[in-house]
Amino acid sequence: MTMRKKGSISLLTSMLLAMIIVPTGTALGNPTNPTNPPQLKTVLTTGWGHSLFLKADDTLWAWGDANFGQFGTGPGQNSSAVAVQNTLVQNIIDVSAGNEHHNLALRSDGIVFAWGTNGAGQLGDGTTYINRNDPVQVNNLTGVIDVEAGFYHSLALKSDGTVWAWGSNNYGELGDGTTTNRSTPVQVSGLSNIVSISTKSYHSFAIKSDGTLWAWGHNTDGQLGDGTTTNRSTPVQVSGLSNVSSVSAGDTHSLAIKSDGTVWAWGNNTKGQFGDGTTTSHTTPVQIPGLSNVKVVEADYQHSLAIKNDGTLWAWGYNDFGQLGDGSTGSTYLSPVQVAGISGVTAVSSSAVFTVAQKSDGTVWAWGHNYWRELGDGTRINRYTPVQVTGL
């Protein structure tokens, strides 16, 4: 089973168009006609104070804060310092945790389920302000191959190369040309032949099959990369960037990998989250020097991470809670440093103050802030180097 972070366009357009996803009318159990999983899956994802992990046997696990129904295991679930299984969803092939306590899960038949908070309709079930402790099906959405949860909004990529969005739209983050919230999916305007999507906060990205990168939503810090600080309610092309293979939307900055393994950054850089040795912000992409052979990038609040092809993990930016994993805290790194004591990394996800990573042996490790038990090591002790998540 291939396990990698979303954002890669290693899937050819022809494969996307050829993929047949058969919808089903069943609820949360086995799909009537399961298909082979599309290779856009995310196996590890973090919200503000919790994490989700999709094991090799396709069972879904969660740990950390559950005060807003983030585990999706039904009423009465308490927060947990060790991983607990979600048995209410099955045959899940892709997951995404939003930064404001909601989650998405994609079933192998192309149906999407959501749970957690729903103040802006981000669960996509046609309601608002009705939080869900157990998974509900997103309305009027089939044939999905990839899902992404933002702050108060959600995205889905369909097998026909179109992108769909729902939830909050204050900054145009739904990309439908309006700033109107939607409690059910609407199509993002003007996008076709899309092979990958990314969102985490109030802005979003889509990679086209030709390697161009498109962005929409919040842009006060230039995080859309179009040379302006103007919010966009429809997609605009990221300037001067081609052959993009992967992208990660952080809070106010963004990262992308080109097909040659180089990493590029734009947006807010006041805490060194570009990794270019400066704190100078840019509204168009700049290359991160000295960082090559990268296969995965992860942008978050004020720090960034990258997995190299050799399985080493690198981090830079703000480190107030030890989220960079180099054994220190309170420092700021303007250039990448290697995360201590971990190798063979295959997946990584980060929230504002903590980070989790999967190794090639299937184990999961975490470090940083731990007040909400988000490290899953059975304690509430902050960790400055990786510790293993227990219960998996």
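Everything discussed here concerns the structure shown above.
What counts and how
- Residues numbered from 1 in each chain as written.
- Predicted model: local features only at pLDDT ≥ 70, side-chain atom pairs only at ≥ 80, totals over all residues.
- Heavy atoms only, no water.
- Helix = DSSP H or I, 4+ residues; strand = E, 2+ residues; numbered from the N terminus.
- Buried < 20%, exposed > 50% of the residue type's maximum accessible area, 1.4 Å probe, protein only.
- Contact = heavy atoms within 4.5 Å.
- Areas by Shrake-Rupley, 256 points an atom, 1.4 Å probe, with all protein chains shown as cover.
- Salt bridge = Lys/Arg side-chain N within 4 Å of Asp/Glu carboxyl O.
- Pairing = 2+ DSSP bridges.
- Axes fitted to C-alpha atoms, helices over the stretch in contact; angles between N-to-C directions.

**Considering the overall build of the protein**
The number of helices and strands found in the protein is one helix and 28 strands. When each of the 392 residues of the protein is scored for burial, the buried share is 61%. Long-range contacts, defined here as pairs at least 24 residues apart, represent 51% of the contacts in the protein between residues at least 6 apart. About 12,800 Å² of surface is accessible on the protein, with carbon and sulfur atoms providing 48% of the total.

**Things to note about the pattern of salt bridges**
On inspection of all chains with the given rule, the structure shows eight salt bridges. The salt bridge partner of Lys41 is Asp58, with a shortest N-O separation of 3.6 Å. Of the two residues, Lys41 is situated in the loop between helix 1 (13-18) and strand 1 (44-46) and Asp58 in the loop between strand 2 (50-54) and strand 3 (60-64); the sequence distance between them amounts to 17 residues. For Asp58, a relative accessible area of 22% gives the class partly exposed.

**Side note on the pairing of strand 7 (residues 112-116)**
Across the five residues that make up strand 7, a large majority, five, are buried. Alternating positions in strand 7 separate into two faces, Val112, Ala114 and Gly116 on one and Phe113 and Trp115 on the other, with burial throughout. Of the strand pairs in this sheet, strand 6 (residues 102-107) and strand 7 are connected by five bridges, and their pairing is antiparallel. Along strand 7, the bridge assignment pairs Leu106 with Val112. Connecting the antiparallel pair strand 6 and strand 7 is a turn made up of four residues, with Gly110 showing a positive phi of about 90°. Direction of pairing for strand 7 relative to strand 8 (residues 132-137): antiparallel, over a ladder of three bridges. By the bridge assignment, Gly116 is partnered in strand 8 with Arg132.

**Considering the sheet that holds strand 12 (residues 182-187)**
Across the sheet, which stays open at both edges, the four strands sit in the order 9-10-11-12 with antiparallel pairing between neighbours. Whereas interior strands pair on both sides, the edge strands pair on one side only; in this sheet they are strand 9 (144-149) and strand 12. Averaged over neighbouring strand pairs, the angle between their axes works out to 20° when direction is ignored. Strand direction decides the pairing type here: strand 10 (residues 153-158) and strand 11 (residues 163-167), joined by five bridges, are antiparallel. Note that in strand 11 the partner of Leu157 across the bridge is Val163.

**Focus on unusual backbone geometry**
One non-glycine residue with positive phi stands out, namely Asn91, at about 55°. Residue classification places Asn91 among the partly exposed positions, given a relative accessible area of 26%. With phi around 55°, Asn243 is a residue other than glycine that occupies positive phi space. By the element assignment, Asn243 lies in the loop between strand 16 (232-237) and strand 17 (244-249). Overall, the relative accessible area of 42% leaves Asn243 in the partly exposed class.

**Topic: the pairing of strand 19 (residues 263-267)**
Within strand 19, five of the five residues are buried, leaving the element largely enclosed by the surrounding structure. Of the two faces of strand 19, the one holding Val263, Ala265 and Gly267 and the one holding Trp264 and Trp266 are both buried throughout. Pairing of strand 18 (residues 253-258) with strand 19 involves five bridges; the strand directions are antiparallel. Looking at the pairing, Ala256 lines up with Trp264 of strand 19. Hairpin connection, strand 18 to strand 19: the antiparallel pair is bridged by four residues, and Gly261 has positive phi, about 85°. Pairing analysis gives three bridges linking strand 19 to strand 20 (residues 282-287), with the strands arranged antiparallel. The partner of Ala265 across the bridge, within strand 20, is Val286.

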